[in-house]
Amino acid sequence: MSRIGVFVCHCGENISRTVDVEQVAKAAGEIPGVAFSCDYKYMCSDPGQTLLKKAVAEHKLDGVLVAACSPRMHEKTFRKAAEAAGLNPYLCEMANIREHCSWVHEDRDMATAKAKDIVKLMVERVRKGKSLAPITVPVTKRALVIGGGIAGIQAALDIADAGHRVVLVEREPSIGGHMAQLSETFPTLDCSQCIMTPKMVDVANHPNITLFTYSEIEKVDGYIGNFQVTVKHKARSVDESKCTGCGICMTKCPKKKIPNEFDQGHGMRPAIYVPFPQAVPNTPVIDRENCTMFQSGKCGVCAKVCGPGAVDYEQKDTFTVEDVGAIVVATGFKLYTIDRKPEGSPIQGYGEFGYGTIPDIIDGMTFERLASASGPTGGKILRPSDGKEPKQVVFIQCVGSRAREKGISYCSKVCCMYTAKHTMLYHHKVHDGQAYVFFMDARTPGKGYDEFWRRAVEEEEAVYIRGMVSRMYQRGDKIVVMGSDIQVGVQVEIEADLVVLATAVQPQDGADLLAQKLGISYDKYNFYSEAHAKLKPVECATAGIYLAGACQGPKDIPDTVSQASAAAAKVMTLFAKDKLERDPVVAKVNEKYCVGCFACKKVCAYGAIEEKEIRDRQGNLIKKVAYVNPGVCGGCGTCQATCPSKSIELDGYTDEQIMAMIEAL
Amino acid sequence: MHAATKQHDFEPKIVAFVCTWCTYAGADLAGTSRMQYPPNVRVLKFPCTGRIDPVFILRAFQKGADGVLVSGCHPGDCHYMAGNFHARRRFAAFRALLDFVGVDLNRLQFSWVSAAEGGKWVDVVTELTERVRTMGPMPEFKELEHEEQWSGAINTPELKEAYDSIG
Ligand SMILES: Cc1cc2nc3c(=O)[nH]c(=O)nc-3n(C[C@H](O)[C@H](O)[C@H](O)COP(=O)(O)OP(=O)(O)OC[C@H]3O[C@@H](n4cnc5c(N)ncnc54)[C@H](O)[C@@H]3O)c2cc1C
Ligand code: SF4
Ligand code: SF4
């Protein structure tokens, strides 16, 4: 390439403040092969792009370099402009002199020198660049949704209503997630079950939705438009196709005293069970660890009483492979437990609060179950230790959240609101009771939220104490809560009958393992990362994978549902096309030099490399060589660095290009 | 000029080979967060650390780099699933080789910097730059560059003879 154009952007003043852009343009003009160079205030603006297009025509440029922001920001923009000017888009590159230069250095001379160097390197890259033709791949118009909380349910229903098939995979025996556990929901106090269960039933009945509960993702292969996902169906010990959901097995099972996870361990369930009466599907599952039949080979009552003969102790885990074009991840959250410091975790725990040792210290979700009409107490607020009605309840906010020294620095977002809700629910049920709340701040941004919080304080008589609790201990049948009121500047001590901790919202257990299977990134807390905090809040950096709900960060229901619908809309946009264009950065084999050692095949994580036979005209085998399936190749280039005979090459990152850049150092 | 920017006698040349998805993005984040670090580093972007051939590192040293940084996604976070594992194995062997030929390994750093770790990028680059600054320039490979047989020319008498004998 001998007629390269270099365009240096000021980015308003973002670049020109620390980099002498005129000098950079001038120096670029002196590089052999650069036929044109200039600087301009905003290259990405319409006039900026027009300038580029005009220059390509006027100076007959055969390659362009835009020295501006990060290519992650505007590479697409300029490649499109270059294409409009008649250039192959892959002959347009960007030199990052903003994020990697002007924003991180203050010394103008050194920053300018660095910018010149960056441009020099990138000019070599353009010089050795090749025209690449986009690769098109077909799109499988079927989506996978992982997680059946409100996020997954909403996304699945939206996609299915648009006429596309959906596979919904939930790891628990029923869909519903945390929302199904809630009693009433802020800011309107409508009953969670009443708005949730109809949606769950819609999922079960939707002709476009295939529901797999008690199932997990085993393996994910492929890429946008063409994923192959292996789903593990854990053995339920009950044949779903035969079970009518009559529930007789559950009433007859002799093992009845197993703490029910759905009620946070405060209600009991049998060994063969559905998590809650409105479960979808209402096919029971046998909890093998607690089942006498599995533990000692004796019992078998449920199989005997089951009319349709659905109980199957021999059932094994099975696997299916699902072809899908897009994936929505909606695996939600879990609550921080404060009694034990999880092993190997940087999180500290709150031994001083006595949670796990004092039975009347509970978390917010347990309070939801106590307040729920379908809960273990039938909706009466009764404390776990002795079943008495508590007359003084202390609520503590920000337990775990916003406590850097304890390992979590973020705000869990929903606790201020649900604590206000809890004080109201409590006040509605125990008229002569008093609720106290220890809080750092009341964070109530959201439609109708501040009004809701004020109602708790002003009308429902919750006493809000700004300050933190230092210690709690049992004295007789009371819990002594010692804390400080920083507004008044005094120490306070409250004798409580019940303490409710608003513990931090954390990602699900195993969120990192799932991310690794999916090839998506996550932050240091294991929340999944969106591609852009502001402009791509539901897309993952990995194409074709989208996020919904609390797995991406703490969220309330309105935000979760909005994000789920947004993710669904992204999936529908993808499915609106029959074929996808993908970046042609893929490996190619030089068959002449390939010696067929298949070292490349061993390192390719995508399984993109196949063995190809080369035959002469008579059909005699001459040799075997590697062949890269361009639809499958991820474009990592590991094969190229591995190939001992240098006969495989990644387009866009050829040895020639890289060496030329190093030569220009 | 900022008061904190000191003038040094020796400005080392640091070359960083980074992957697009994690470290390049981490360096972008350092930029958007307006963090500050020494301007000695020149970044070469690769799709994945798996693409980085050790030859590139040798060539960079030869071309005047005083320190080289190779950085990609954390183990397990590779955008391409396993590229960084292959890189890790390759570079473990390569480091041993460099050590054997007598290169001070303090000049070559491998690290994992994720897209979320703008601060770590700053730390890694600053540390390497300052360390190499105290070590001084790296002459070894650059001298080789000037010896002609390294660049492929064959006009030393011994080599000529050897090549002729193959002839
Ligand atoms: C005590 C408390 C009270 C609350 N009160 C309110 C309120 O009043 N109003 C309000 O707006 N919000 C409230 N919230 C917030 C609300 O619970 C969340 O916004 C909502 O549940 C998030 O939904 P989700 O679908 O993202 O996650 P979840 O409800 O956690 O659902 C995730 C689902 O994914 C499944 N799953 C997880 N991992 C996997 C896997 N690897 N494979 C397959 N499936 C998996 C889980 O089993 C679960 O079913 C409250 C939260 C708490 C803790
Ligand atoms: S085998 Fe016995 S214990 Fe197990 S689920 Fe059936 S009835 Fe219950
Ligand atoms: S670049 Fe090579 S190793 Fe990487 S995915 Fe493509 S064929 Fe496989």
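Data block above holds the structure.
A quick note: this is a predicted structure, and the numbers were derived from the prediction, not measured. (Residues numbered from 1 in each chain as written. Chains lettered and ligands numbered in written order. Predicted model: local features only at pLDDT ≥ 70, side-chain atom pairs only at ≥ 80, totals over all residues. Heavy atoms only, no water.)

Asks: Describe the overall build of chain A, listing the residues and the values that go with them.
Replies: Helix and strand counts for chain A come out as 18 helices and 34 strands. The C-alpha extent of chain A, read off along each of the three principal axes, is 85 × 75 × 40 Å. Relative to its full complement of 665 residues, chain A shows a buried share of 54%. Within chain A, contacts between residues at least 6 apart in sequence are counted, and of these 69% link residues at least 24 apart. (Helix = DSSP H or I, 4+ residues; strand = E, 2+ residues; numbered from the N terminus. Buried < 20%, exposed > 50% of the residue type's maximum accessible area, 1.4 Å probe, protein only. Contact = heavy atoms within 4.5 Å.)

Asks: Describe in detail the interface of chain B and chain A, supporting the description with residues and values.
Replies: Counting from both sides, the interface comprises 49 residues of chain B and, opposite them, 43 residues of chain A. Roughly 4300 Å² of surface becomes buried between chain B and chain A when both sides are summed, with 60% attributable to carbon and sulfur atoms. Sorting the residues of chain B by area buried against chain A places Arg42, Arg51 and Met81 of chain B first, and these three jointly supply 15% of that buried surface. Summed over the shared surface of chain B and chain A, the result is 6 salt bridges. Between Asp53 of chain B and Lys646 of chain A there is a salt bridge, and its shortest N-O distance comes to 2.9 Å. (Buried area = accessible area lost by both parts, 1.4 Å probe. Salt bridge = Lys/Arg side-chain N within 4 Å of Asp/Glu carboxyl O.)

Asks: How would you sum up the sheet that holds strand 2 (residues 34-40) of chain A? Please name residues and give values.
Replies: Paired through their backbone hydrogen bonds, the strands of a sheet run either parallel or antiparallel. Residues and elements named next belong to chain A. Ordered in space as 2-1-3-4, the 4 strands form an open sheet in which the pairing is parallel. Across the chains shown, the open sheet's two edge strands, defined by having one partner strand only, are strand 2 and strand 4 (92-96). On average, each strand axis in the sheet is tilted by 15 degrees relative to the strand beside it, whichever way the strands run. Along the sheet, helix 3 (residues 71-84) makes contact with strand 3 (63-68) and strand 4, crossing strand 4 at roughly 150 degrees. Helix 5 (residues 108-127) contacts strand 1 (4-9), strand 2, strand 3 and strand 4 of the sheet and is inclined by roughly 165 degrees relative to strand 4. (Pairing = 2+ DSSP bridges. Axes fitted to C-alpha atoms, helices over the stretch in contact; angles between N-to-C directions.)

Asks: Quick one: what's the story with the site of ligand 3, residue by residue and with numbers?
Replies: Around ligand 3 sit Ala587, Cys604, Tyr606, Ile609, Val628, Cys633, Gly634, Gly635, Cys636, Gly637, Cys639 and Leu650 of chain A, and those are all the residues in its vicinity. Residue composition of the shell around ligand 3, grouped by class: 9 nonpolar, 3 polar and no charged. (Near = heavy atom within 4 Å. Nonpolar A, V, L, I, M, F, W, Y, C, P; charged D, E, K, R; others polar.)

Asks: I'd like a description of the sheet that holds strand 25 (residues 478-485) of chain A, backed by residues and values.
Replies: All names here are of chain A. Strand order in the open sheet made by the 3 strands is 24-25-26, with antiparallel pairing throughout. The open sheet has two free edges, formed respectively by strand 24 (469-475) and strand 26 (490-496), since each of these has just one partner strand. Strand-to-strand twist across the sheet, computed as the mean angle between neighbouring axes with direction ignored, equals 20 degrees. Taken together, the 7 bridges between strand 25 and strand 26 define a ladder with antiparallel strand orientation. In the sheet register, Gly483 faces strand 26, and the bridge partner there is Val492.

Asks: I'd love a proper account of the packing of helix 2 (residues 46-58) of chain A against helix 3 of chain A, names of residues and values included.
Replies: Residues and elements named next belong to chain A. At their nearest, the axes of helix 2 and helix 3 sit 9 Å apart, and the two run at 40 degrees to each other. The angle between helix 2 and helix 3 falls in the class oblique. Considering how the two elements wind past one another, helix 2 and helix 3 form a crossing that is right-handed. Where helix 2 abuts helix 3, its residues Gln49, Leu52 and Lys53 lie against Thr77, Phe78, Ala81, Ala82 and Ala84. Its residues assigned to classes, the contact of helix 2 with helix 3 comprises 5 nonpolar, 2 polar and 1 charged. (Parallel < 35°, antiparallel > 145°, perpendicular 65-115°, else oblique. Left-handed = near helix turned anticlockwise from the far one by under 90°.)

Asks: Explain the packing of aromatic side chains to me, using residue names and the numbers behind them.
Replies: All told, the structure shown has 15 aromatic pairs over all chains when counted by the stated rule. With a centroid separation of 5.5 Å and an interplanar angle of 75 degrees, the aromatic rings of Phe367 of chain A and Phe395 of chain A are classed as edge-to-face. Pair noted here: Phe367 of chain A is in helix 11 (residues 364-371) and Phe395 of chain A is in strand 21 (residues 392-399), with a separation of 28 residues, a long-range link. With relative accessibility at 0%, the residue Phe367 of chain A sits in the buried group. A residue is classified by how much of its surface remains accessible, and Phe395 of chain A, at 1% relative accessible area, is buried. For the ring pair Phe17 of chain B and Phe46 of chain B, a centre distance of 5.6 Å and an interplane angle of 70 degrees mean the geometry is edge-to-face. Taken as a pair, Phe17 of chain B in strand 1 (residues 14-19) and Phe46 of chain B in strand 2 (residues 41-46) lie far apart in primary sequence, 29 residues in all. An aromatic cluster is built from Tyr410, Tyr525 and Phe527 of chain A, whose rings are joined through pairwise contacts. One Lys or Arg, Arg34 of chain B, reaches over the ring of Trp103 of chain A and ends 3.7 Å from the middle of that ring. (Phe/Tyr/Trp six-rings, centres within 6.5 Å; stacked < 30°, edge-to-face > 60°. Lys NZ or Arg CZ within 6 Å of the ring centre and 35° of its normal.)

Asks: Kindly report on unusual backbone geometry, identifying the contributing residues and their values.
Replies: Residue and element names in this part refer to chain A. A cis amide bond links Phe186 with the next residue in sequence, Pro187, at an omega value of -5 degrees. On the secondary structure map, Pro187 appears in the loop between strand 8 (184-185) and strand 9 (190-191). The omega torsion of the bond from Val280 to Pro281 falls at 0 degrees, within 30 degrees of zero and hence cis. The phi dihedral of Cys11 is positive, around 50 degrees, even though this residue is not glycine. Mapped onto the elements of the fold, Cys11 is located in the loop between strand 1 and helix 1 (21-29). Positioned with a positive phi, Ser237 is a non-glycine residue whose angle comes to about 70 degrees. One can find Ser237 in the loop between strand 12 (226-233) and helix 8 (248-252).

Asks: Tell me about helix 1 (residues 20-32) of chain B, residues and numbers included.
Replies: Residues and elements named next belong to chain B. Counting buried residues along helix 1, 10 of its 13 residues qualify, which places the element largely inside the surrounding structure. Along helix 1, the residues classified as buried are Thr20, Cys22, Thr23, Tyr24, Ala25, Gly26, Ala27, Asp28, Ala30 and Gly31. In the stretch just after helix 1, Arg34 is the one whose phi turns positive, near 55 degrees.

Asks: How would you sum up the site of ligand 1? Please name residues and give values.
Replies: Residues and elements named next belong to chain A. Taken together, 37 residues lie around ligand 1, and Glu170, His178, Lys421, Lys555 and Ile557 are the ones closest in. For ligand 1, an oxygen atom lies 3.2 Å from a polar atom in the backbone of Phe333. With respect to ligand 1, the backbone of Asp556 contributes an N or O atom lying 3.4 Å from an oxygen atom. Computed on the free molecule, ligand 1 has an accessible area of 1000 Å², of which 97% lies beneath the protein chains in the complex. Those elements that provide at least two residues to the shell around ligand 1 are helix 6 (150-161), strand 8, strand 19 (333-335), helix 11, helix 12 (415-429) and helix 15 (557-575). Class assignment for the residues of the shell around ligand 1 results in 17 nonpolar, 12 polar and 8 charged. Per-domain counts for the shell around ligand 1 show at least three residues from each of domain 2 (142-326 + 569-575) and domain 3 (335-506). (Polar contact = N/O pair within 3.5 Å; in protein donor to acceptor, adjacent residues only side chain to side chain. Areas by Shrake-Rupley, 256 points an atom, 1.4 Å probe, with all protein chains shown as cover. Domains from an automatic or database assignment.)

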